[in-house]
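Examining the three-dimensional arrangement
Spelled out from the first residue to the last, the chains are:
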Amino acid sequence: MSPITFIEARFFDPAETRAFLEGRFETYLRRLRGRRRDVPPEHVEDGCDALPDRFWQLKLSDDDCERIQRRVRRILELRKTASGLEHLKSDDRARLEVLKDGARLVQIFSEHRADELAAALHKDIPWMAALISPT
């Protein structure tokens, strides 16, 4: 079965940290200024290791670095707000991240199997018995 959206929240790539985004913006700015000064880097993917040495000699000013840091800080703030999970603690957010791709539903083929699952639920969470069991 296809996954069913279980939570109305946005999850962003955890690998995109502050340092990652700052590095990406710095590389972009160097490439942009390098093209203006006829120092175009070879065709390189997003990796920075293969860029020529003269590319890294393009210095960024303190104002450039501050502007990049401000933008990264703002992006991270907006992502936190857009996620819809800002009010939760970080460990609670981590637990909910399991549901970012939705939940897959499975079909229960027999009434006997449904009873077994209900018994397992009662065993694991007995304080919820009043809600789970029909009266």
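The following paragraphs examine the structure supplied in this document.

1. Some remarks on helix 1 (residues 18–36)
Compared with an ideal rise of 1.5 Å per residue, which puts 19 residues at 27 Å, helix 1 spans 27 Å between its outermost C-alpha atoms and is within 8% of the ideal. Of all the positions in helix 1, only L21, E22, T27, L29, R30, R31 and G34 are classed as buried.

2. A short note on the pattern of salt bridges
The final tally for this structure, using the stated rule, is 9 salt bridges. With its nearest N and O atoms 3.4 Å apart, the salt bridge here joins D64 to R67. Separated by 3 residues within a single helix, D64 and R67 lie in helix 3 (residues 62–83), roughly one turn from each other. The partly exposed category is assigned to R67, whose relative accessible area is 31%. D92 serves as the salt-bridge partner of R95, at 3.0 Å between the closest nitrogen and oxygen. Remark: D92 and R95 occur in helix 4 (residues 90–96); sequence separation between them is 3 residues, near one turn of the helix. What makes R95 exposed here is its relative accessible area of 57%. Since its relative accessible area comes to 26%, D92 is described here as partly exposed.

3. A look at the side chain of T27
Considering the arrangement of structural elements, one finds T27 in helix 1. By relative accessible area, T27 is classed as buried at 8%.

Rules behind the numbers
- Residue numbers run consecutively from 1 along every chain, following the written order of its sequence.
- Per-residue local features of the predicted model are confined to residues with pLDDT of at least 70, and side-chain atom pairs are confined, for both listing and counting, to 80 or more; whole-chain, interface and lining totals are unaffected and use all residues.
- Processing note: side-chain calculations cover all non-hydrogen atoms of the structure and skip hydrogens and water entirely.
- Counting from the N terminus, the helices are the DSSP runs of H or I reaching at least four residues and the strands are the DSSP runs of E reaching at least two.
- Here, expected helix span is obtained from the residue count minus one, scaled by 1.5 Å.
- For the exposure calls, accessible area comes from a 1.4 Å probe over protein chains only, and a residue counts as buried if that area is under 20% of its type's maximum, exposed if over 50%, partly exposed in between.
- For salt bridges, the criterion is a side-chain nitrogen of Lys or Arg within 4 Å of an Asp or Glu carboxyl oxygen.

By themselves these figures say nothing about function.
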